[in-house]
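Single-letter residue listing:
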Amino acid sequence: MQRRPGGAQHIPRPASYTEHFDTPWSLDAEWSSGELLSRVPERSGPMLPTFPDAKLSAVLLLLADGPNGAEVLLTRRSMEMKNHKGEISFPGGRVDPGESAVDTALREAHEEVGLDPELPTVVGELEHLSTIVSKSYIVPVVARLDVGFDRRPHLEPQTMEADRVMWTPIAELTRPATYRLERWGNLPMDRPLHFFELDDETVWGATARMLFDLLTLP
């Protein structure tokens, strides 16, 4: 199956893996931000880290309407970072003492891309997830941007953590030859990873998992 080009980042695939191209959404599906956000639960459950030394983190999954439906705010991590260099991610980071997940997500978005914390309206959370490499327990905070497309604020990297800011249309994620599931390893120890190959970037790992969760909410 011919894929879109994707990005140049290194994907650490194991020797054994399989690829699966079925999608649970219609190809070329488009949604408005309102349609997607109406399905987001206010809370996805209590914080239950899956390992004792997990680092509590939060990210901001921000949606806004663009010319072709809903768009999501993404960043690309700098190649200077210790972990996940060059990967596409959401603004986010560690929860500081006394902070809520919402506080962290808004603060990190302000620090990373210059987003005014007063602009987003928080809607809810996606299912919490854990990552192996960074030992993080992540709360995905979902919000909408309450400004029109022509009044959308200019956002750009504010620190060395990110080197690109992207408003990506959801329709780009549902284009043919964009999504696939890979299963890494052998049964029964294999694990699923989601991928979205865009024209110039590859979205995978925790970010792709959260986008998949958003697109498959009941």
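Everything in this summary refers to the structure shown in the same document. This one's a predicted model, so the numbers in the text were calculated from it and none came from an experiment.

1. Digging into unusual backbone geometry
- Unusually for a residue other than glycine, aspartate 28 sits at a positive phi of about 70 degrees.
- Note on placement: aspartate 28 falls in the loop between strand S1 (17-20) and helix H1 (33-37).

2. Digging into the pattern of salt bridges
- Summed over all chains, the structure comprises 24 salt bridges.
- A salt bridge links glutamate 127 to arginine 209; its shortest N-O distance comes to 3.7 Å. You can see glutamate 127 sitting in the loop between strand S6 (120-125) and strand S7 (129-130) and its partner arginine 209 sitting in helix H4 (residues 205-215), a full 82 residues away along the chain.
- Assessed through its relative accessible area of 47%, glutamate 127 is described here as partly exposed.
- The partner of arginine 164 in a salt bridge is aspartate 200, with the nearest N and O atoms 3.1 Å apart. A residue pair is termed long-range when its members are at least 10 positions apart, and arginine 164 in strand S9 (residues 162-169) and aspartate 200 in the loop between strand S11 (191-197) and strand S12 (202-204) qualify at 36 residues.

3. Considering H4
- With eight of eleven residues buried, H4 is to be regarded as a mostly interior element.
- All of the buried residues in H4 are Thr207, Ala208, Met210, Leu211, Phe212, Asp213, Leu214 and Leu215.

4. What to know about the sheet that holds S1
- Within the open sheet, the four strands sit side by side as S1-S10-S11-S12. Their pairing is antiparallel. The open sheet has two edge strands, S1 and S12, and neither has a second partner. Across the sheet, the axes of successive neighbouring strands diverge by a mean angle of 25 degrees, strand direction being ignored.
- As paired elements, strand S10 (residues 179-184) and S11 share six bridges and run antiparallel to each other. Bridge pairing links arginine 183 to proline 192 in S11.
- In this fold H4 packs onto S10, S11 and S12, with an angle of close to 85 degrees to the strand it touches most, S11.

Reading guide: rules and limits
For every chain, the first residue of the written sequence is number 1, and numbering continues from 1 onward in sequence order. Per-residue local features are limited, in this predicted model, to residues with pLDDT of at least 70; the limit for side-chain atom pairs, both in listing and counting, is 80 or more; totals at the level of whole chains, interfaces and linings are taken over all residues. Computation of side-chain values covers all heavy atoms of the structure but excludes hydrogens and water. Only DSSP runs of H or I covering at least 4 residues are called helices, and only runs of E covering at least 2 are called strands; the numbering of each starts at the N terminus. Salt bridge, as used here: a side-chain nitrogen of Lys or Arg that lies within 4 Å of a carboxyl oxygen of Asp or Glu. Type-normalised accessible area, obtained with a 1.4 Å probe on protein chains alone, sets the label of each residue: buried when under 20%, exposed when over 50%, and partly exposed for intermediate values. When DSSP finds two or more bridges between two strands, those strands count as paired. Inter-axis angles, ranging from 0 to 180 degrees, are taken between N-to-C directions of lines fitted to C-alpha atoms, where helices are fitted over the stretch in contact. Whether two residues are in contact is decided by their heavy atoms: any pair within 4.5 Å suffices.

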